[in-house]
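Spelled out from the first residue to the last, the chains are:
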Amino acid sequence: LGFATAATGGFTLGTEQAASGSAITFGSIPAGTKVIIVSWVDISHSGAAGQLSLQLGDAGGLETTGYLSAGTDLTNASGVVVTALTTAFQLNSTSVASHTCNGAVTLVLEDSTDFTWTLQGTGWNDDAGFISAFSGRKALSAELTQLAINTSGTYDAGVFNIAYIG
């Protein structure tokens, strides 16, 4: 994927990707990246509910273990729902076919010697009326080069993008 560099020397905006299938991958994240913002707009799923999660990867591929991650949905009807994952960063913006979700998370490189990244962010479900909050950390085996936003369902609408800075 190509990236356009911001004229001011600030964040570089990635190429927006339409939500389809069950995973969206942003590759070719340049060496020296220290902050990444991942955003999603009007994401929906065909039929069954979909749960979003985020995986980080290096040149060896996406990593599926070692995440310390939790997400909280503040729902109108049942109060607070907390979930945790160790296989990815939890993004609790659940969406069914008639609902859309939006949000953004910020990834920050905390330690460049063991490639530890922290994550924090929020999301909301436009139709169900709840807000989500997410947090976590993950140490990679090498420098980050890619990330993927996965769903337990199938995307049928919406877009994802990233912005990053070295």
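As shown above, the structure is provided for reference.
Model, not experiment: these values are computed from the prediction.

As a further point, take the environment of Gln51. Mapped onto the secondary structure, Gln51 falls in strand β5 (residues 50-58). Residue class for Gln51 comes out partly exposed when judged on its relative accessible area of 26%. Considering only alpha carbons, one finds Gln51 and Leu91, 40 residues apart in sequence, at a separation of 7.2 Å. Separated by 3.3 Å, the side chain of Gln51 and the backbone oxygen of Leu91 make a polar contact.

Before going further, it helps to spend a moment on the packing of aromatic side chains. All chains considered together, the criterion is met by three aromatic pairs. Geometrically, the ring pair formed by Tyr67 and Phe89 is edge-to-face, given 5.1 Å between the ring centres and 85 degrees between the ring planes. Of this pair, Tyr67 sits in the loop between β6 (61-62) and β7 (68-75) while Phe89 sits in strand β9 (residues 89-95), placing them 22 residues apart in sequence. For the pair shown, Tyr67 and Phe89 are each scored as buried.

Here we take up the pattern of salt bridges. Scanning the entire structure with this criterion turns up one salt bridge. Here Lys138 ties to Glu63 by a salt bridge, and the two come within 2.7 Å at their closest N and O atoms. Residue Lys138 is found in strand β12 (residues 130-139), and its partner Glu63 is found in the loop between β6 and β7; the two are separated by 75 residues along the sequence. According to the relative accessible area criterion, Lys138 is buried, its value standing at 3%. Exposure remark for Glu63: the relative accessible area of 14% places this residue in the buried category.

Further remarks concern the nonpolar core. Grouped together as the largest cluster of nonpolar side chains are 28 residues, with contacts concentrated most on Ile36, Trp40, Leu54, Leu56, Leu107, Leu147 and Phe160. Only β3 (21-26), β4 (35-45), β5, β9, β10 (101-111), β11 (116-125) and β13 (146-165) provide two or more residues apiece to this core. Leave out the neighbours within four places in its chain, and Leu147 touches Ile24, Thr25, Phe26, Ile29, Ile36, Val38, Leu54, Gln55, Leu56, Leu62, Leu107 and Ile162.

Moving on to a nonpolar patch on the surface. Side chains of Leu74, Trp124 and Ile131 sit close together on the surface and give an oily, nonpolar patch of about 300 Å² of accessible area. As for its position among the elements, Leu74 is in strand β7. Owing to a relative accessible area of 41%, Leu74 belongs among the partly exposed residues under this scheme.

Moving on, we get to the side chain of Gln55. As for its placement among the helices and strands, Gln55 is situated in strand β5. What makes Gln55 buried here is its relative accessible area of 12%. A distance of 3.2 Å separates polar atoms of two side chains, one belonging to Gln55 and the other to Asn150. Setting aside residues up to four positions removed in sequence, Gln55 forms contacts with Leu62, Glu63, Thr64, Tyr67, Thr87, Ala88, Gln146, Leu147, Ala148 and Asn150.

Turning to the side chain of Thr33, a few remarks are in order. As for its placement among the helices and strands, Thr33 is situated in the loop between β3 and β4. Side-chain polar atoms of Thr33 contact the backbone oxygen of Pro30, separated by 2.7 Å. Thr33 has contacts with Leu109, Trp117, Glu143, Tyr164, Ile165 and Gly166, leaving out every residue within four places of it along the chain.

Another aspect to go through is the environment of Phe160. Here Phe160 lies in strand β13. C-alpha separation for the pair Phe160 and Glu16, spaced 144 residues apart in sequence, amounts to 5.8 Å. The contact partners of Phe160, leaving out residues within four places of it in the chain, are Glu16, Gln17, Ala19, Ile24, Phe26, Ser39, Trp40, Ile43, Ile149 and Tyr155.

How each quantity is defined
- Residues numbered from 1 in each chain as written.
- Predicted model: local features only at pLDDT ≥ 70, side-chain atom pairs only at ≥ 80, totals over all residues.
- Heavy atoms only, no water.
- Helix = DSSP H or I, 4+ residues; strand = E, 2+ residues; numbered from the N terminus.
- Buried < 20%, exposed > 50% of the residue type's maximum accessible area, 1.4 Å probe, protein only.
- Polar contact = N/O pair within 3.5 Å; in protein donor to acceptor, adjacent residues only side chain to side chain.
- Phe/Tyr/Trp six-rings, centres within 6.5 Å; stacked < 30°, edge-to-face > 60°.
- Salt bridge = Lys/Arg side-chain N within 4 Å of Asp/Glu carboxyl O.
- Core = buried A, V, L, I, M, F, W, Y, C linked by side-chain atoms within 4.5 Å.
- Contact = heavy atoms within 4.5 Å.
- Patch = residues over 30% accessible without salt bridge, like charges linked within 9 Å, V, L, I, M, F, W, Y side chains within 5 Å.
- Areas by Shrake-Rupley, 256 points an atom, 1.4 Å probe, with all protein chains shown as cover.

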